[in-house]
Amino acid sequence: MRHVLAVMVLAAAVCGGCEKQAEGPQTTNPTPPGATAGRLEAIEPPSSDVPSAEYAPPPSTSGVREIPVTQPPVLSPPTPAPTPAPVPEPTPARPRMYTIQKGDTFIKLARRFYGEDRRWKDIAAANPQMSPNALKIGQQIVLPD
């Protein structure tokens, strides 16, 4: 139902613009001069004895309105996107240091700092100068990220 209403409104708008407005006095013969029934012929201007400034073609009786032609807008070229600033390379984080306390092992430290016992191998790899079996209280070790 909504579509029918929309079509009716659209048709009324279109047909409302089609109404022919009166353009001067109406004649009883709507056929332009020089036209035959069913066919239009070119209208020749009057002979040379009539000045051309006085000659004007007859007004259109077709009921078609002329619509002015407009040029499409001139679009400017798109502006290029700004080049992003170079991203500085991240500076390597300073290694986290830890001081061995009484009862520490690489497995206990891996569980405490990483939540996984198997990460003890990462701690051992970061501290190759130390033996996991001979940790001494007060030694400094590196805890990798």
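This text goes with the structure placed above it.
Below: a short report on this structure. (Residues numbered from 1 in each chain as written. Predicted model: local features only at pLDDT ≥ 70, side-chain atom pairs only at ≥ 80, totals over all residues. Heavy atoms only, no water.)

Topic: the environment of L135
Locating L135 in the fold gives a position in the loop between α3 (120-126) and β2 (140-143). Linking L135 and I100, residues 35 residues apart in sequence, is a C-alpha distance of 7.3 Å. If we skip the residues at most four places from it in the chain, L135 touches I100, D104, T105, F106 and M130. (Helix = DSSP H or I, 4+ residues; strand = E, 2+ residues; numbered from the N terminus. Contact = heavy atoms within 4.5 Å.)

A closer look at the packing of aromatic side chains
One pass over the structure, following the stated rule, counts one aromatic pair. With 5.5 Å between their ring centres and 70 degrees between their planes, Y98 and F113 make a pair best called edge-to-face. Of this pair, Y98 sits in strand β1 (residues 96-99) while F113 sits in helix α2 (residues 106-114), and the two are 15 residues apart along the sequence. Judged by its relative accessible area of 8%, Y98 is buried. A relative accessible area of 26% places F113 in the partly exposed class. Directly above the ring of Y114 sits R119, whose terminal nitrogen or CZ lies 4.2 Å from the centroid. (Phe/Tyr/Trp six-rings, centres within 6.5 Å; stacked < 30°, edge-to-face > 60°. Buried < 20%, exposed > 50% of the residue type's maximum accessible area, 1.4 Å probe, protein only. Lys NZ or Arg CZ within 6 Å of the ring centre and 35° of its normal.)

Some points on the nonpolar core
By size, the foremost hydrophobic cluster in this structure holds 12 residues: Y98, I100, F106, L109, A110, Y114, I123, A124, M130, L135, I141 and L143. When contributions to this core are tallied by element, the ones reaching two or more residues are α2, α3 and β2. Of the residues forming this core, the biggest block, four residues, is contributed by α2. The contact partners of L109, leaving out residues within four places of it in the chain, are Y98, I100, D104, Y114, I123 and I141. (Core = buried A, V, L, I, M, F, W, Y, C linked by side-chain atoms within 4.5 Å.)

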